[in-house]
Amino acid sequence: HRCKNCFNSEAWDFSYGKPFTEETKNEIINALTPDHIEGFSLLGGEPFEPENQEQLGLLLEEIKTKLPKKTVWCYTGFLFDDQLLSGKVGDLKTVNRMLENIDVLVDGKFVEELKSLDLIFRGSSNQRIIDVKKSLNEKKAVWLDGVWQRRMGSGNIYE
């Protein structure tokens, strides 16, 4: 998405970093195994970029199979209902496989002009924190209930 002031612009280049291998996958699974590790977060680049979908879908399935109590969060610049569920991004079957193994999705592009340090778990106010299981059941974006929607240190619900 090449968002202005992206925190991880290096990941825009598919040649950057190391290849994703079976060894890499095993290293991730092993790192998640200790009880004090609550979960796994997928950040940008863009996890739902079609080039990333197949391998990440397999990784997420393995995490949820081997470590079902771990929570999986994913950050994407794509919109859950308008782009991911509608099949506008890559292979719909693979996207659905990914979504079925994600607990919380923060969707929407980071917008520098909407940035706020008061936000929790997201960078700009246009982004949503979505309960993926409920959203898949209802076939629409459902915000995550409770503390995740609240401002840090106050009881105000996000707009």
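Residues numbered from 1 in each chain as written. Predicted model: local features only at pLDDT ≥ 70, side-chain atom pairs only at ≥ 80, totals over all residues. Heavy atoms only, no water.

> So what exactly am I meant to see when it comes to the packing of helix α1 (residues 22–32) against helix α2 (residues 50–66) here?
Helices that pack against each other are described as a pair by the angle of their axes relative to one another and the distance between those axes. Between α1 and α2, whose axes approach to 11 Å, the crossing angle comes to 35 degrees. The hand of the α1/α2 crossing is right-handed. Together, Lys25, Asn26, Ile28, Ile29 and Leu32 of α1 and Leu59, Glu62, Ile63 and Lys66 of α2 make up the contact between the two elements. Counted by class, the contact of α1 with α2 contains five nonpolar, one polar and three charged residues. (Axes fitted to C-alpha atoms, helices over the stretch in contact; angles between N-to-C directions. Helix = DSSP H or I, 4+ residues; strand = E, 2+ residues; numbered from the N terminus. Left-handed = near helix turned anticlockwise from the far one by under 90°. Contact = heavy atoms within 4.5 Å. Nonpolar A, V, L, I, M, F, W, Y, C, P; charged D, E, K, R; others polar.)

> Mind showing me how you'd approach unusual backbone geometry here?
Of all residues except glycine, most have a negative phi; of all peptide bonds, most are trans. Positioned with a positive phi, Phe121 is a non-glycine residue whose angle comes to about 65 degrees. Counting through the fold element by element, Phe121 comes out in the loop between β3 (104–107) and β4 (128–131). Its relative accessible area of 32% is what places Phe121 among the partly exposed residues. Unlike most non-glycine residues, Lys139 shows phi in positive territory, near 60 degrees. Within the element layout of this structure, Lys139 appears in the segment after α5 (132–138). (Buried < 20%, exposed > 50% of the residue type's maximum accessible area, 1.4 Å probe, protein only.)

> Hey, could you run me through the packing of α2 against helix α4 (residues 92–100) in this one?
One can describe the packing of α2 onto α4 by two numbers: an axis separation of 9 Å at closest approach and a directional angle of 30 degrees. Our classification of the angle between α2 and α4 gives roughly parallel. Crossing of α2 against α4: the hand is left-handed. Across from Gln53, Glu54, Leu56, Gly57, Leu58, Leu60 and Glu61 in α2, the residues of α4 making contact are Thr94, Val95, Arg97 and Met98. Each residue belonging to the contact of α2 with α4 can be placed in one class, and the counts come to five nonpolar, three polar and three charged. (Parallel < 35°, antiparallel > 145°, perpendicular 65-115°, else oblique.)

> Would you take a moment to explain the confidence of the model for the protein chain for this structure?
The predicted coordinates of low-pLDDT regions are not to be read in fine detail. For the protein chain, mean pLDDT is 84; residues scoring 70 or higher make up 81% of the total. When the criterion is pLDDT under 50, residues 147–159 qualifies, and its contacts beyond four places in sequence or with other chains add up to 26 contacts. (pLDDT = per-residue confidence, 0-100.)

> How should I be thinking about the environment of Ser125 in this particular structure?
By the element assignment, Ser125 lies in the loop between β3 and β4. In the structure, Ser125 is positioned 14 residues away from Val111 in sequence and 8.2 Å away in space, judged by C-alpha atoms. Setting aside residues up to four positions removed in sequence, Ser125 forms contacts with Leu114 and Leu119.

> Explanation requested: α1 in the structure shown.
An α-helical turn contains 3.6 residues, so a residue and the one three or four places further along point in the same direction. Those residues of α1 that sit buried are Lys25, Ile29 and Leu32. For α1, the angular spread of the buried residues around the axis is 65 degrees, confining them to a single face. Exposed side chains of α1 directed beyond 90 degrees from the buried face belong to Glu23, Glu27 and Asn30. Residues of α1 that are buried in the fold lie against β1 (39–42) and α2. (Arc of directions from axis to C-beta.)

> Would you explain the pairing of β4 in this entry?
Remark: a regular strand shows side chains that alternate across the two faces of the sheet. Of the two faces of β4, both are covered, the one formed by Arg128 and Ile130 as well as the one formed by Ile129 and Asp131. Examined bridge by bridge, β3 and β4 share four bridges and lie antiparallel to one another. Among the inter-strand pairings, Asp107 is bridged to a residue of β4, identified as Arg128. (Pairing = 2+ DSSP bridges.)

> Looking at this structure, I do not really get the packing of aromatic side chains. What am I missing?
Each aromatic ring pair is characterised by the separation of its centres together with the angle its planes make. Under the defined criterion, the tally for this structure stands at one aromatic pair. Look at Trp73 and Phe121: their rings are 5.0 Å apart centre to centre, the planes differ by 50 degrees, and that puts the pair in the tilted class. Note that Trp73 is positioned in strand β2 (residues 71–75) and Phe121 in the loop between β3 and β4, a separation of 48 residues in sequence. Of the residues examined, Trp73 reaches a relative accessible area of 10% and is grouped as buried. (Phe/Tyr/Trp six-rings, centres within 6.5 Å; stacked < 30°, edge-to-face > 60°.)

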